[in-house]
Amino acid sequence: MNLNPIIEKIKANKKNIIIGCLAAIIAVSATFAAFYGGYTIGQNTTKNIKITGVADITPGSDVSADFGIFWQAWNKIKQDYLHGKDLKEEDMVYAAIKGLAENIGDPYTTFFSPEDAKKFGEDVDGKFGGIGAELSDQNGSVVVVAPLENTPASRAGIKAKDIIIKVDDIDMYGKTTEEAVKIIRGEPNTKVKLIIAREGLDGPLEVELTREIIEIPNIKWRMEGDRILYLKLQSFSQTAPYSFYKTVIEASENNPRGMVLDLRNDPGGYLEVAVNIAGWFVDKGEVVVRERYASGEETVYRSYGNEALKDLPIVVLVNGGTASASEILAGAMRDHNGTELVGTQTFGKGTVQTLEELKDGSMLKITIANWMTPNGTVLEGEGLSVDHEIENTESDAENGRDAELEKALEIIEAQIGEQK
C-alpha cells in the first residue's frame, strides 16, 4: 500500500497522529498478508489434526501416509453430516477397514466384523443353511465357483461360472462373496430367487430354489465295469483324508486295473488335505505345491504318503468348477506322473489366504501368496488347461449321458491295454 499521499495531507504538527496511523496501517496490512498467506497455504497443504480420546491410532514407524487426511474426513463427517451425531464410531472404523480391504484389488482379501467373523467360523465347520454353491466375487460380479452335488443349486441346474445378477431383487453387482452369502442364506425350507447370467444364453435366467441344511460331502465311488474304479472327490474337507483311505481300502477288494478321479465341481478346501491325498499318487518327498510370497520367497509342500496308487493308470476329470485344492492335486499328478486331464479348463483359484483375528473379535482374511504347481504353473486366474477338451451338452444331460466320463474311460482302457 502507498502511504505517501496520506502522509503529504497530514500537517507537520500532527506528528504523533501520523505515527499512530502509520503503525495501524502497517499492522492491518501485515495482518491481512498473514491471513491471506495462511489461507493459501492451508488450501494446498494437508492439515495436521490432533486427535484425543481415540485408542491405538499411532501407525507403524514404516508408514509414510499422512493419516491427517483420514482424521480430517472423520471430523467433517461427525461434525457437518446431517446425522453425524447418530453415527456409531465403531461402525465407522469397521467401514473404513472394509473399504481398505475391498479396494486393494483382490477378491479374497476381506474384513469381517465380530458378528461376521463368528458366522464365518460357523461356515467353515461344514454345515449351514443355503443353496449349496461355492461363490467368488470377480471384477464386481458374484460368480459361482461350483455347485455342490445333490444340493438345491445342482438340482436347479446352476453351473460353474454362472454370474448371479440378483437375489430376491437385490442387485449383486459390487457385492463381496461374504455379502452375497449372507443374502442368499436363510432358514431351511424358505425360497430364494436367483437371476443369473450364463455364457451362451441370450438373456438372464431366473431360478427359484428352496434352501436346505447343506452338509459338505466327501467321496463316492463305484466300479465302471470290472476293471476301472470311478472315484469322485467332492471336497477337501478335514474329514476327506480318512474318507479317502476307507474308500481305497474298500475299493481295492475289486482289484481295479485303472482309475478315473473325478474332481469336477470340486471347489477345494484345505491345503493340507490336498498334500495328504497327493501322497497316494506321487513319490514320497516330491513337491506337491509351491507357495510364492510377495518377497519372492517360497514355501514348498512335499508329499509324505504311501504312494499306493502312483503306478495305477489314472485319468483326472476337471471342469470350470475345479478350484483351489483340487487344482493343486490335479497339477501335482500331471507334473509328476504325466496324468492326463479330461474336461474343460479349471477355475483358477490359486491364492493363499490367512485369517488374522483382531483384538475386538473382528477378522481379516488376507491373500498372502500364490499357489504354483511343482513345475511352476501359477494357478490363479488361468487355472489348468486340459489334455483332452470335452464338455457335456444339454442333450447329454437330457439323455443321462456323461460324455466327459466316457472319454476318460476310453483313455484308461487304452492305458490298461498298453500295460498287458
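Below: a short report on this structure. (Residues numbered from 1 in each chain as written. Predicted model: local features only at pLDDT ≥ 70, side-chain atom pairs only at ≥ 80, totals over all residues. Heavy atoms only, no water.)

### A few points about the side chain of K365
The line we're drawing: Secondary structure counts use DSSP, requiring at least four H or I residues in a row for a helix and at least two E residues in a row for a strand, with both numbered from the N terminus. Side-chain atoms alone can form a polar contact between residues adjacent in sequence; in general such a contact is a pair of N or O atoms within 3.5 Å, and within protein one must be able to donate a hydrogen while the other accepts it.
Mapping K365 onto the fold places it in strand β18 (residues 363-372). A distance of 2.9 Å separates a polar side-chain atom of K365 from the backbone oxygen of Y108.

### What to know about the environment of N375
Convention followed: Only protein chains enter the accessibility calculation, which uses a 1.4 Å probe. A residue is then buried if its area is under 20% of the maximum for its type, exposed if over 50%, and partly exposed in between.
Relative to the assigned elements, N375 resides in the loop between β18 and β19 (388-389). We classify N375 as exposed; its relative accessible area is 57%. Sequence separation of N375 and A332 is 43 residues, and the distance between their C-alpha atoms is 8.5 Å.

### Topic: unusual backbone geometry
Notably, N189 is not glycine yet its phi reads approximately 75°, a positive angle. Secondary-structure assignment places N189 in the loop between α7 (177-184) and β7 (191-197).

### A look at the packing of aromatic side chains
So the rule is basically this: Put simply, two rings from Phe, Tyr or Trp (the six-membered ring, in Trp's case) pair if the centres are within 6.5 Å, and we call them stacked under 30 degrees between planes, edge-to-face over 60, tilted for the rest.
Considering all chains together, one arrives at 8 aromatic pairs under this definition. Between F70 and W71, the ring centres sit 5.0 Å apart and the planes meet at 80°, which makes this aromatic pair edge-to-face. For W71, a relative accessible area of 11% puts it in the buried group. Aromatic pair Y242 and Y245: ring centres 6.4 Å apart, planes at 25°, arrangement stacked. A residue pair is termed a helical-turn pair when its members lie 3 or 4 positions apart in one helix, as Y242 and Y245 do in helix α8 (residues 240-251) at 3 residues.

### Notes on a negative patch on the surface
Operational definition: Nonpolar side chains (Val, Leu, Ile, Met, Phe, Trp, Tyr) within 5 Å and like charges within 9 Å form the patches, drawn only from residues with over 30% relative accessible area and no salt bridge. The protein chains shown are the only cover counted for residues, whose accessible areas, like all others here, come from Shrake-Rupley with a 1.4 Å probe. Any carboxyl oxygen of Asp or Glu within 4 Å of a side-chain nitrogen of Lys or Arg constitutes a salt bridge here. We score Asp and Glu as negative and Lys and Arg as positive, and we do not count His or the chain ends. Charge coordinates come from a single atom per side chain, which is NZ of Lys, CZ of Arg, CG of Asp or CD of Glu.
Negative charge collects at one region of the surface, where E90, D91, E357 and D360 lie side by side. With respect to the element layout, E90 can be found in helix α4 (residues 89-102).

### Digging into the environment of M172
The condition that has to hold: Only heavy atoms matter for contacts: two residues are in contact if any of them lie within 4.5 Å across the pair.
Residue position: M172 is located in the loop between β6 (170-171) and α7. A sequence separation of 35 residues divides M172 from D137, and the C-alpha atoms of the two residues are 9.7 Å apart. Here M172 is in contact with G140, V142, I164, I165, K166, V167, A180 and I183, once residues within four sequence places are set aside.

### Overview of the pattern of salt bridges
Using the criterion set out here, one finds 22 salt bridges in the structure. With a closest N to O distance of 3.8 Å, K232 and D262 form a salt bridge. Here D262 lies in strand β12 (residues 258-262) and K232 lies in strand β11 (residues 228-233), a separation of 30 residues in the sequence. Here K232 and D262 have matching classes, each one buried. Ionic contacts of the salt-bridge type, sharing partners, join the residues K232, D262, R264, D402 and E404 into one network.

### Quick word on a nonpolar patch on the surface
Nonpolar side chains collect at one region of the surface, where I77, Y81, L82 and L87 lie side by side and expose about 390 Å² of accessible area between them. The residue Y81 is located in the loop between α3 (68-80) and α4 in this model. Judged by relative accessible area, Y81 falls into the partly exposed class, the value being 41%.

### Description of the pairing of strand β14 (residues 298-302)
Spelled out, the test is: Two strands make a pair as long as DSSP finds a minimum of two bridges between them.
Inspection of the sheet shows strand β13 (residues 287-293) paired to β14 by 5 bridges, in the antiparallel sense. Within β14, the position partnered with R292 by the bridge is E298. In textbook terms, the turn of a hairpin is the stretch between consecutive antiparallel strands, and for β13 and β14 this stretch comprises 4 residues, one of which, G296, has a positive phi near 95°.

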